[in-house]
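Descriptive analysis of the structure
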Amino acid sequence: QNRIYPSTSVLITARGRSMNPSIYDGDLVMIDRSKRDIKSGRIYVFNDHNGGTRIKRLELVPGHAIIVRSDSPDQIEFPPEYYTESAMNDISENIVGAVVWSGHKWD
(Lines give C-alpha, C1' and ligand atoms only; values in the text may rest on other atoms or scores of the structure.)
Protein backbone atom coordinates (compact mmCIF):
# COMPACT_ATOMS: atom_id res chain seq x y z
CA GLN A 1 0.00 0.00 0.00
CA ASN A 2 1.10 3.53 -0.69
CA ARG A 3 0.09 5.16 2.56
CA ILE A 4 1.74 8.41 3.55
CA TYR A 5 2.14 9.07 7.26
CA PRO A 6 2.77 12.56 8.66
CA SER A 7 5.22 11.15 11.21
CA THR A 8 7.59 9.92 8.48
CA SER A 9 7.02 12.58 5.82
CA VAL A 10 8.73 15.88 5.14
CA LEU A 11 8.30 18.54 2.46
CA ILE A 12 11.18 20.34 0.77
CA THR A 13 11.51 22.73 -2.15
CA ALA A 14 13.47 21.44 -5.14
CA ARG A 15 16.21 23.62 -6.57
CA GLY A 16 17.82 23.31 -9.99
CA ARG A 17 16.98 21.92 -13.43
CA SER A 18 18.58 18.48 -13.34
CA MET A 19 15.36 16.57 -12.63
CA ASN A 20 13.22 18.26 -15.31
CA PRO A 21 10.70 17.15 -16.56
CA SER A 22 9.86 15.05 -13.46
CA ILE A 23 10.62 17.70 -10.84
CA TYR A 24 11.06 21.39 -11.67
CA ASP A 25 12.97 24.13 -9.88
CA GLY A 26 10.72 25.40 -7.09
CA ASP A 27 8.50 22.29 -6.93
CA LEU A 28 7.32 21.12 -3.56
CA VAL A 29 8.55 17.55 -2.97
CA MET A 30 7.30 15.11 -0.32
CA ILE A 31 9.82 12.64 1.06
CA ASP A 32 8.90 9.47 2.94
CA ARG A 33 11.75 9.08 5.42
CA SER A 34 10.78 5.47 6.14
CA LYS A 35 11.67 4.47 2.55
CA ARG A 36 15.45 4.45 2.61
CA ASP A 37 16.21 1.09 0.98
CA ILE A 38 17.13 1.67 -2.65
CA LYS A 39 14.67 0.30 -5.18
CA SER A 40 16.17 0.76 -8.61
CA GLY A 41 14.59 3.51 -10.67
CA ARG A 42 12.99 5.46 -7.79
CA ILE A 43 13.77 9.07 -6.96
CA TYR A 44 15.47 9.66 -3.61
CA VAL A 45 16.74 12.57 -1.57
CA PHE A 46 20.19 12.06 -0.10
CA ASN A 47 22.87 14.13 1.56
CA ASP A 48 25.96 14.19 -0.60
CA HIS A 49 29.34 13.84 1.12
CA ASN A 50 30.30 17.16 -0.53
CA GLY A 51 27.75 18.93 1.62
CA GLY A 52 24.68 19.20 -0.58
CA THR A 53 21.25 17.67 -0.45
CA ARG A 54 20.35 16.09 -3.78
CA ILE A 55 17.22 14.78 -5.47
CA LYS A 56 18.15 12.07 -7.98
CA ARG A 57 16.95 8.86 -9.56
CA LEU A 58 19.02 5.95 -8.21
CA GLU A 59 19.76 2.70 -9.97
CA LEU A 60 21.24 -0.17 -8.03
CA VAL A 61 23.54 -2.74 -9.57
CA PRO A 62 23.61 -5.06 -6.53
CA GLY A 63 27.10 -5.54 -5.15
CA HIS A 64 28.67 -3.45 -7.90
CA ALA A 65 27.44 0.13 -8.23
CA ILE A 66 24.88 2.82 -7.58
CA ILE A 67 24.13 4.97 -10.61
CA VAL A 68 22.90 8.47 -9.83
CA ARG A 69 20.83 9.90 -12.68
CA SER A 70 19.17 13.17 -13.51
CA ASP A 71 15.93 13.07 -15.48
CA SER A 72 17.05 15.93 -17.71
CA PRO A 73 17.57 14.85 -21.32
CA ASP A 74 20.74 16.99 -21.35
CA GLN A 75 23.26 14.22 -20.67
CA ILE A 76 26.18 16.58 -21.32
CA GLU A 77 25.25 19.00 -18.55
CA PHE A 78 23.81 16.30 -16.26
CA PRO A 79 25.66 13.03 -16.98
CA PRO A 80 25.05 9.85 -14.97
CA GLU A 81 27.36 9.37 -12.00
CA TYR A 82 28.70 5.93 -11.08
CA TYR A 83 29.60 5.06 -7.50
CA THR A 84 31.35 1.82 -6.52
CA GLU A 85 32.84 0.24 -3.40
CA SER A 86 32.90 2.60 -0.39
CA ALA A 87 31.26 5.40 -2.39
CA MET A 88 28.15 3.20 -2.61
CA ASN A 89 27.98 3.25 1.19
CA ASP A 90 28.32 7.04 1.22
CA ILE A 91 25.10 7.28 -0.76
CA SER A 92 23.07 4.46 0.80
CA GLU A 93 23.91 5.54 4.36
CA ASN A 94 22.90 9.14 3.66
CA ILE A 95 19.50 8.64 2.04
CA VAL A 96 16.88 10.89 3.60
CA GLY A 97 14.01 9.04 1.93
CA ALA A 98 12.11 8.33 -1.26
CA VAL A 99 10.19 11.00 -3.14
CA VAL A 100 6.51 10.02 -2.97
CA TRP A 101 4.88 13.19 -4.32
CA SER A 102 5.71 16.45 -6.02
CA GLY A 103 3.74 19.44 -7.18
CA HIS A 104 4.31 22.82 -8.66
CA LYS A 105 2.52 26.11 -9.00
CA TRP A 106 1.01 26.85 -12.39
CA ASP A 107 1.62 30.42 -13.56
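A brief report on the enclosed structure follows.

Cut-offs applied
- Residues numbered from 1 in each chain as written.
- Predicted model: local features only at pLDDT ≥ 70, side-chain atom pairs only at ≥ 80, totals over all residues.
- Heavy atoms only, no water.
- Helix = DSSP H or I, 4+ residues; strand = E, 2+ residues; numbered from the N terminus.
- Contact = heavy atoms within 4.5 Å.
- Pairing = 2+ DSSP bridges.
- Axes fitted to C-alpha atoms, helices over the stretch in contact; angles between N-to-C directions.
- Salt bridge = Lys/Arg side-chain N within 4 Å of Asp/Glu carboxyl O.
- Buried < 20%, exposed > 50% of the residue type's maximum accessible area, 1.4 Å probe, protein only.
- Polar contact = N/O pair within 3.5 Å; in protein donor to acceptor, adjacent residues only side chain to side chain.

As for its placement among the helices and strands, leucine 60 is situated in strand E4 (residues 53-61). Along the primary structure leucine 60 and methionine 88 are separated by 28 residues, whereas in three dimensions their C-alpha atoms are 9.4 Å apart. With sequence-adjacent residues up to four places away left out, leucine 60 is seen in contact with Ile38, Ser40, Ala65, Ile66 and Met88.

This brings us to the sheet that holds strand E3 (residues 43-47). Taken in spatial order, the seven strands of this open sheet run E1-E2-E7-E3-E4-E5-E6, and their pairing is antiparallel. With partners counted over all chains shown, the strands left at the sheet margins are strand E1 (9-13) and strand E6 (81-83), one partner each. Taken over all neighbouring pairs, the strand axes of this sheet differ in orientation by 40° on average, direction set aside. Inspection of the sheet shows E3 paired to E4 by five bridges, in the antiparallel sense. Counted as the bridge partner of isoleucine 43 is arginine 57 from E4.

With that settled, consider the pairing of E4. Each regular strand displays side chains that alternate between the two surfaces of the sheet. Counting the residues between successive antiparallel strands, the hairpin from E3 to E4 contains five residues, one of them, glycine 51, with a positive phi of roughly 100°. Relative to strand E5 (residues 65-69), E4 runs antiparallel, the two being bridged by five bridges. Bridged to valine 61 within E5 is alanine 65. Taking the residues between adjacent antiparallel strands as the criterion, E4 and E5 are bridged by three residues, where glycine 63 takes a positive phi near 75°.

Attention now moves to the pattern of salt bridges. Evaluated as defined, the whole model comprises six salt bridges. Close ionic contact of arginine 17 with glutamate 77 constitutes a salt bridge, the shortest N to O distance being 2.6 Å. Highlighted residues: arginine 17 in the loop between E1 and strand E2 (28-32) and glutamate 77 in the loop between E5 and E6, separated in sequence by 60 residues. For arginine 17, a relative accessible area of 47% puts it in the partly exposed group. With a relative accessible area of 40%, glutamate 77 lands in the partly exposed category. A cluster of three or more residues bridged by salt bridges with shared partners is formed by Asp48, Arg54 and Glu81.

Moving on: the environment of arginine 57. Within the secondary structure, arginine 57 sits in strand E4. Each C-alpha atom of the pair arginine 57 and isoleucine 38 lies 10.0 Å from the other, and the pair is 19 residues apart in sequence. Not counting residues up to four positions away in its chain, the partners in contact with arginine 57 are Met19, Ser22, Gly41, Arg42, Ile43, Ile67, Val68, Arg69 and Asp71. At 2.6 Å, the side chain of arginine 57 forms a polar contact with the backbone oxygen of glycine 41.

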